[in-house]
Amino acid sequence: MALLEVTNLGISFGGLQAVSGFRLSVESGHLYGLIGPNGAGKTTAFNMLTGMYVPDEGNITLDGVDITGKTPEFISKAGIARTFQNIRLFKRMSVLDNVKVGMHNKVTYGMWHGIFRDGVFRSREKEMDQKAMELLDVFGIADKADYVASQLPYGEQRKLEICRALASEPKLLLLDEPAAGMNPNETLELRETVRKVRDDFGIAILLIEHDMKFVMGICEEITVLEYGKIIAHGDPETVSNDPRVIAAYLGGDDD
Amino acid sequence: MQFLGYLISGISLGSVYALIALGYTMVYGIAKMLNFAHGDVIMVGGYMVYFTFCSRGWHPLLAVLFAMAVCTLLGITIERVAYRPLRSAPSLAVLITAIGVSFLLQNSAMLLWKSDPKSFTSIISMDPISIAGGQLSIPAETIVTIVVSVIIMIVLLWFVNKTRIGHAMKAVSEDRGAAQLMGINVNGIISLTFAIGSSLAAVAGALLLSSYPTLVPTTGAMPGIKAFVAAVFGGIGSIPGAFLGGVLLGVIENLSKAYISTQLSDAIVFLVLIIVLLVKPTGLLGKKIAVKV
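(A) How the structure looks around the overall build of chain A. Summing up its helical and strand segments, chain A has ten helices and ten strands in all. For chain A, whose C-alpha radius of gyration is 19 Å, the value lies close to the compact-globule estimate of 18 Å for 255 residues. Reported as C-alpha extents along the three principal axes, the dimensions of chain A are approximately 70 × 40 × 35 Å. For chain A, buried positions account for 53% of its 255 residues. Summarising the internal contacts of chain A: among those between residues at least 6 apart in sequence, 66% fall at separations of at least 24. Put simply, chain A shows about 11300 Å² of open surface, and 49% of that area lies on carbon and sulfur atoms. Taking the 27 positively charged and 37 negatively charged side chains of chain A as two groups, their mean positions are separated by 7 Å.

This is the structure in structure tokens:
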């Protein structure tokens with residue numbers, strides 16, 4: 001059975017059917033892309049997967065656990081982490097603390113240990129610091145651990161967001177337009193980072209992206225959405241040659 | 001020498017405001033709402049100490065701990081019953097609800113415990129401390145209040161900045177949605193915030209009544225408003241700001257009572273607030289929030 005199994009997922013806002021009949025099957029260690037024109041429902045699909053929206057219909061199963069309509073914190077614990085289209089770091093907290101918040105449910109100790117600062121507290125905090133530094137090191141930003149997050153340059157903020165998401169040790173990582181607003185060099189670097197994450201952490205990655213070169217160059221399987229419906233699915237080559245996809249992106253005759 | 005006396009008792013009064021202001025500021029920072037019922041939690045805390053310590057002769061420490069427990073429960077219940085269902089409602093609805101809860105608490109207290117003033121016995125049974133060769137005698141309550149408040153403040157700052165739960169609180173305060181996606185139980189964090197704020201209100205109530213020993217169902221109203229002012233004064237959402245604001249407010253109030261006019265002291269306090277907000281709208285230690293246009 002696949003890691004993530006989505007069947008017939010749908011949601012509407014008032015009279016607008018934002019997404020319908022969405023299905024997806026994700027295996028560990030693979031890279032998936034979700035593309036489509038603006039307003040196609042990509043982020044809405046992400047929001048349903050992470051519990052921000054409760055779907056009207058359909059099913060989401062992660063690793064055999066039904067997570068349909070569960071709360072974001074339940075889904076986070078179950079193993080899905082995400083980044084955002086517009087970066088949503090905890091801007092006033094340090095780089096290190098951002099990553100440590102990501103570990104919220106992974107390294108735990110009771111409040112009283114925290115208040116009394118006993119051995120449990122100190123060893124757990126040390127463990128967290130160490131893990132967080134290792135993660136930051138993978139992304140080459142360990143030397144900036146003490147910076148306030150908002151001081152980082154844009155590209156590194158993107159990296160930190162991925163880092164924070166990985167801190168929760170997810171089985172599936174969702175990246176919402178990771179290359180948005182990046183210059184070509186940063187995009188190139190990001191591609192390497194995403195590959196590295198998949199290889200080093202062995203997790204599944206599903207990403208939304210508008211940069212076609214980026215998506216085609218990195219994803220093994222692509223799903224194309226238009227007006228909330230899947231219009232194509234397959235490997236990059238199949239998808240890029242699909243007449244409906246070309247029509248959706250370039251505008252074509254409706255027939 | 002007299003000035004020093006006024007100053008110290010001002011700092012003491014200010015410390016009580018600070019303790020209450022911490023509740024306002026933390027709840028505002030994390031739940032993004034003004035809990036106007038916070039002042040009345042002080043009153044409930046005061047009655048709890050009164051019934052256990054003053055009437056039944058419990059050990060003062062035990063009585064305060066009992067009051068803290070009751071107020072913690074009360075705070076969590078208020079949040080759960082009155083505010084949580086309004087989590088996604090417009091902030092005005094929440095504000096009006098908070099005022100409603102405030103009236104509910106005051107009137108319930110009047111119904112349960114009658115409106116006649118109870119005279120509170122100080123929970124501190126130490127002798128006044130005289131300094132400068134007996135020229136100045138400072139009540140022990142004053143000193144204890146300052147010491148207790150400073151300790152609480154340090155522990156709280158440390159808790160918020162250094163522990164995992166504290167980080168979660170800061171995360172919720174910055175971006176609730178993103179925090180939730182990190183697996184943080186936002187409702188739990190908000191409950192905890194109310195719990196901490198309310199237990200501090202109980203301590204503040206016990207200390208306040210030890211210095212100003214008249215207990216009526218509206219006892220919490222004025223200190224509550226002043227502590228809210230202190231929180232805004234210091235920069236709402238900021239813990240050190242609440243403390244600084246509280247202490248400054250207490251000092252200004254006490255000094256204007258001593259040197260200008262007893263009747264006008266409250267007016268002066270609010271005048272200072274207006275001036276500070278005109279010059280620095282985010283309060284003394286408030287952070288400027290850049291609004292994206």
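The structure having been displayed, the exposition proceeds.
(B) Structural detail: the sheet that holds strand β3 (residues 31–35) of chain A. Residues and elements named next belong to chain A. What the six strands build is an open sheet, ordered β6-β7-β8-β3-β9-β10; its pairing is mixed. The sheet is open, and its two borders are formed by β6 (80–82) and β10 (229–234), each paired with just one other strand. On average, each strand axis in the sheet is tilted by 20° relative to the strand beside it, whichever way the strands run. Here five bridges tie strand β9 (residues 221–226) to β10, and the two strands are oriented antiparallel to one another. Bridged to Val 224 within β10 is Ala 232. Across the sheet, helix α6 (residues 154–167) lies against β6 and β7 (172–176), angled at about 155° from β7, the strand it touches most. Contacts from helix α7 (residues 184–201) reach β3, β7 and β8 (204–208), with the element oriented near 155° to β8.

(C) The domain arrangement of chain A, seen in detail. Residue and element names in this part refer to chain A. Assigned domains within chain A: domain 1 (1–79 + 170–255) and domain 2 (89–163). For domain 1 and domain 2, the distance between their C-alpha centres works out to 28 Å. Listed per partner, the contact involves 16 residues of domain 1 and nine residues of domain 2. Carbon and sulfur atoms supply 65% of the area buried between domain 1 and domain 2, which totals about 1000 Å² over both sides. Linking domain 1 to domain 2 there are one salt bridge. Measuring nitrogen to oxygen at the nearest pair gives 2.6 Å for the salt bridge that ties Lys 159 to Glu 189. Linking domain 1 with domain 2 are five residue pairs in polar contact (both at pLDDT 80 or more). Among the elements that line the side of domain 1 that touches domain 2, the one with the most residues is α7, at seven residues. Grouping the amino acids of the side of domain 1 that touches domain 2 by side-chain chemistry returns eight nonpolar, two polar and six charged.

(D) Representation of the interface of chain A and chain B in the model. Taken together, the contacts link 31 residues of chain A with 23 residues of chain B. Considering only the surface of chain A that becomes buried against chain B, A:Phe90, A:Arg92 and A:His104 emerge as the three largest contributors, covering 25% of it. Where chain A touches chain B, the interface holds one salt bridge. Salt-bridge contacts for B:Asp175 lead to A:Arg88; the nearest nitrogen and oxygen are separated by 2.6 Å. Here chain A is connected to chain B by seven residue pairs in polar contact (both at pLDDT 80 or more). Listed by contribution, the elements that provide at least two residues to the side of chain A that touches chain B are α2 (72–78), α3 (95–102), α4 (111–116) and α5 (119–138) of chain A.

(E) Summary view of the packing of helix α3 (residues 60–83) of chain B against helix α8 (residues 186–211) of chain B. Residue and element names in this part refer to chain B. At a closest axis distance of 7 Å, the pairing of α3 and α8 adopts a crossing angle of 140°. As judged from the angle between their axes, α3 and α8 are oblique. Remark: the crossing between α3 and α8 carries right-handed chirality. Residues Val 64, Ala 67, Met 68, Cys 71, Thr 72, Gly 75, Ile 76, Glu 79 and Tyr 83 of α3 pack against Ile 190, Ser 191, Phe 194, Ala 195, Ser 198, Ser 199, Ala 202, Val 203 and Ala 206 of α8. Here the contact of α3 with α8 is composed, by residue class, of twelve nonpolar, five polar and one charged.

(F) How the structure looks around unusual backbone geometry. At A:Glu177, a residue that is not glycine, the phi angle is positive and equals roughly 45°. In this fold, A:Glu177 is placed in the loop between β7 and α7. Among the residues examined, A:Glu177 registers a relative accessible area of 10% and is labelled buried. In this model, B:Lys32 sits at a positive phi of 55°, which is unusual for a non-glycine residue. Structurally, B:Lys32 is set in the loop between α1 (2–31) and α2 (38–55).

(G) Representation of the sheet that holds strand β1 (residues 4–13) of chain A in the model. All names here are of chain A. In space, the four strands of this open sheet follow the order β2-β1-β4-β5, with antiparallel pairing throughout. Since the sheet does not close on itself, it has two edges, and those belong to β2 (16–26) and β5 (65–66), each with one partner. The pairing of strand β4 (residues 57–62) with β5 spans two bridges and is classified as antiparallel. Directly across from Leu 62, in β5, lies its bridge partner Val 65. Here helix α1 (residues 42–49) sits on the sheet in contact with β1, β2 and β4, set at roughly 115° to β1.

(H) The pattern of salt bridges, seen in detail. Inspection of the entire model under this criterion finds 19 salt bridges over all chains. In this structure, A:Arg195 and A:Glu192 form a salt bridge, with 3.5 Å as the shortest nitrogen-oxygen distance. Taken together, the residues span about one helical turn, with A:Arg195 and A:Glu192 both in helix α7 at a distance of three residues. For A:Glu192, a relative accessible area of 47% translates into the label partly exposed. Put simply, B:Lys226 and B:Glu253 hold a salt bridge, and the shortest N to O gap is 3.3 Å. A residue pair is termed long-range when its members are at least 10 positions apart, and B:Lys226 in helix α9 (residues 221–234) and B:Glu253 in helix α10 (residues 239–259) qualify at 27 residues.

(I) Representation of the packing of aromatic side chains within the structure. Taken as a whole and assessed by the stated rule, the structure comprises twelve aromatic pairs over all chains. Ring centres of A:Phe13 and A:Tyr53 lie 5.2 Å apart, and the angle between their planes is 70°; on these two criteria the pair is classed as edge-to-face. One end of the pair, A:Phe13, is in strand β1; the other, A:Tyr53, is in the loop between α1 and β4, and 40 residues separate them in sequence. Take A:Phe13: its relative accessible area is 38%, and that puts it in the partly exposed class. The class for A:Tyr53 is partly exposed, based on a relative accessible area of 29%. Geometrically, the ring pair formed by B:Tyr24 and B:Phe36 is edge-to-face, given 6.3 Å between the ring centres and 65° between the ring planes. Remark: B:Phe36 occurs in the loop between α1 and α2 and B:Tyr24 occurs in helix α1; sequence separation between them is twelve residues. With respect to class, B:Tyr24 is no different from B:Phe36; both count as buried.

Rules behind the numbers
- Residues numbered from 1 in each chain as written.
- Chains lettered and ligands numbered in written order.
- Predicted model: local features only at pLDDT ≥ 70, side-chain atom pairs only at ≥ 80, totals over all residues.
- Heavy atoms only, no water.
- Helix = DSSP H or I, 4+ residues; strand = E, 2+ residues; numbered from the N terminus.
- Rg over C-alpha atoms; globule rule 2.2 N^0.38 Å.
- Buried < 20%, exposed > 50% of the residue type's maximum accessible area, 1.4 Å probe, protein only.
- Contact = heavy atoms within 4.5 Å.
- Areas by Shrake-Rupley, 256 points an atom, 1.4 Å probe, with all protein chains shown as cover.
- Lys, Arg positive; Asp, Glu negative; His and termini not counted.
- Charge placed at Lys NZ, Arg CZ, Asp CG, Glu CD.
- Pairing = 2+ DSSP bridges.
- Axes fitted to C-alpha atoms, helices over the stretch in contact; angles between N-to-C directions.
- Domains from an automatic or database assignment.
- Buried area = accessible area lost by both parts, 1.4 Å probe.
- Salt bridge = Lys/Arg side-chain N within 4 Å of Asp/Glu carboxyl O.
- Polar contact = N/O pair within 3.5 Å; in protein donor to acceptor, adjacent residues only side chain to side chain.
- Nonpolar A, V, L, I, M, F, W, Y, C, P; charged D, E, K, R; others polar.
- Parallel < 35°, antiparallel > 145°, perpendicular 65-115°, else oblique.
- Left-handed = near helix turned anticlockwise from the far one by under 90°.
- Phe/Tyr/Trp six-rings, centres within 6.5 Å; stacked < 30°, edge-to-face > 60°.

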